[in-house]
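Structural overview
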Amino acid sequence: MKLVNKYIGLALMSGALMTSCSDSFLQRDSLTESSSSTYWQTPDDALTALAACYDALQSNQLYNSDQYSFGPLYMDCVSDNGGHFNWSGWIEGYDVAMGIHNPSSGLFSEYWKASFEVIGRCNLLLANVDKINISDAEKARFKAEAIALRALIYTNLTMTYQDVPYLTEPLTLENPEKEKSSRADIVASVMADLKATAPDLPETADRGRLTRGAAYAILGRLALYNEKWSDAIAAYEEVMKLGYSLHPSYKELFTQKGETSNEIIFGVRFEGPGQKEGASFNAHWNTPLEALNGTLDLADDYYTLEGKKTTDTNYGVMKDGKLDVTQPNAEHFANRDPRLYVTLFVPGMTWNGKGGEGAWYGGAAASLSSVYVMKYFDPTDTSNSWDNGQDFYVIRYAEVLLSLAEALVQNGNYDEARVRDLVNQVRQRADVMMPTVESVEGTGLSKEALLEVIKHERRVELAFEGLRLFDVYRWKELDKAVANIEKERTTLGLSYEPRQYNGERDYVWPIPTNELDSNKKLEQHDLWK
């Protein structure tokens, strides 16, 4: 039976088996040697274990959320794209956004635990799948999937904590502790694993299951994030050979109708309602979600239809030096890049018919930034949004196009026309049709100018997809991001939580205090001692 038909049921069954990191990555509650030796018997055992690896991605810290946990949409609230302005202090990660975090902050412990849960499940499969009587091709595929999933998580971990324990096999009761490995060593090993095993994956697979293109896209992302430009180019060129394309409708893409689009290279699959596998990262109370604000800084990065940044600064009625968010200026947001209205809920939009004068926020309380988030939210789902079937897209073809463009420019000796074409493909999606690079920014651009074009396009195309924070980190632009939001807050007198930039320390997450306490081989990062 295909994995897609077992994914839901077997994921539930896997809970008793895969407890490798329920309390910490140390696996003190892991399978005993006895139960492990009796489990790995049948092809269904292997399939159940593989389903458990995928199931762990549904963590509220990774690719789902319960409106209070970190999750993929909320990750952008630690960047200049958004914030928890209306629910300040309630949401995991708010202290990171403010720059007042420490090693005991809840986000760091929960994200660490969720990440090593995935890694532990993948390692358990890799250590045992050879015991099962299935074909060598099936074993190779299962291993390649587990390696790619593990690689995705190490991509995230090396972008946040940087130096972490590098686990490639299950820890045991006799050896439950592991020291840190350097980010550079982890990246080199993970890249080598992906290069070796990506060819073992099929070009196509059931929805939610990894393919060759997904493995190469993860490899490309990891290489890009670590400035290995030639490796990134090679990986993305492999993806380009596999027939992906942009979905014609950006608006439809972020609905359940878009889940089977040829643009989706890998998504975390959800099924709902009533199957205990539903998504809630896009849940709402029949209005825009007040826990999730966009920033005006992001909104204004969606250019006018002529491809230029707006010069209008009239956001609404000012009273005593403060923007009255109950009286916003809807015209400020009019005639913009169509992606604005898919990504953000701005004054002038409606939510199930609610909006406009006197109801600017679709029935929700006034946004403290005058902007809410729209991407992935479905106003028509009035009864099941807390248990819905919307997949979260981990990798889209649009990201591949923009990442390849960036790697080409950074690597040097690039063909500018090809770089422009990669960006133009994203800009000129059928229902977007923003002006081309050459018609607005021109030709003969410097390397720095081209990179600014690409950075801007990444921001507006990929906002609230869990990538902005990583971009800000790797470009070393956190100071700029914080300054922009602080300027927005102070200039307009907005009731945001204040943000501060603490220097280089803010680019690396501290090892959680509880992990240091339970693993004496771990040592805190120098910047956090």
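**Let's talk about the nonpolar core**
The biggest cluster of nonpolar side chains holds 165 residues, and the ones touching the most others in it are Tyr154, Phe266 and Leu344. If near-sequence neighbours (up to four positions away) are discounted, Tyr154 is found in contact with Phe116, Ile119, Val164, Pro165, Tyr166, Leu167, Ile186 and Val190.

**Some thoughts on the environment of Tyr68**
The residue Tyr68 is located in the loop between helix H3 (43-55) and helix H4 (71-75) in this model. The class for Tyr68 is partly exposed, based on a relative accessible area of 41%. A C-alpha to C-alpha distance of 35 Å links Tyr68 and Tyr244, two positions 176 residues apart in sequence.

**Description of unusual backbone geometry**
In this model, Gly272 is joined to Pro273 through a cis peptide bond whose omega is 5°. A positive phi angle is found at Phe464, which is not glycine, with a value near 60°. When you line up the elements, Phe464 lands in the loop between helix H17 (447-462) and helix H18 (468-474).

**Describing the packing of aromatic side chains**
For any two aromatic rings, the description comes down to two numbers: the centre-to-centre distance and the angle of the planes. Taken as a whole, this structure holds 31 aromatic pairs when the rule is applied. Considering the side-chain rings of Phe254 and Tyr376, the 5.3 Å spacing of their centres and the 85° angle between planes classify their relative orientation as edge-to-face. Taken together, the residues Phe254 in the loop between helix H11 (250-253) and strand E2 (264-268) and Tyr376 in the loop between strand E9 (372-373) and strand E10 (392-396) connect sequence positions 122 residues apart. When the centroid spacing of 5.6 Å and the interplanar angle of 55° are considered together, the rings of Tyr376 and Tyr393 count as tilted. One end of the pair, Tyr376, is in the loop between E9 and E10; the other, Tyr393, is in strand E10, and 17 residues separate them in sequence. Grouping aromatic residues by their ring pairs yields a cluster made of Phe70, Phe108, Tyr111, Trp112, Phe116, Tyr154, Tyr161, Tyr166 and Trp509. Lying across the ring of Tyr507, Lys476 places its NZ or CZ 4.2 Å from the centre.

**Examining the pairing of strand E4 (residues 316-319)**
Here E4 pairs with strand E5 (residues 322-328) via three bridges, running antiparallel. When the bridges of E5 are listed, Gly316 appears paired with Pro328. Once E4 ends, the chain turns through two residues before running back antiparallel as E5, passing Asp320 with a positive phi of about 55°.

Reading guide: rules and limits
- Residues numbered from 1 in each chain as written.
- Predicted model: local features only at pLDDT ≥ 70, side-chain atom pairs only at ≥ 80, totals over all residues.
- Heavy atoms only, no water.
- Core = buried A, V, L, I, M, F, W, Y, C linked by side-chain atoms within 4.5 Å.
- Buried < 20%, exposed > 50% of the residue type's maximum accessible area, 1.4 Å probe, protein only.
- Contact = heavy atoms within 4.5 Å.
- Helix = DSSP H or I, 4+ residues; strand = E, 2+ residues; numbered from the N terminus.
- Phe/Tyr/Trp six-rings, centres within 6.5 Å; stacked < 30°, edge-to-face > 60°.
- Lys NZ or Arg CZ within 6 Å of the ring centre and 35° of its normal.
- Pairing = 2+ DSSP bridges.

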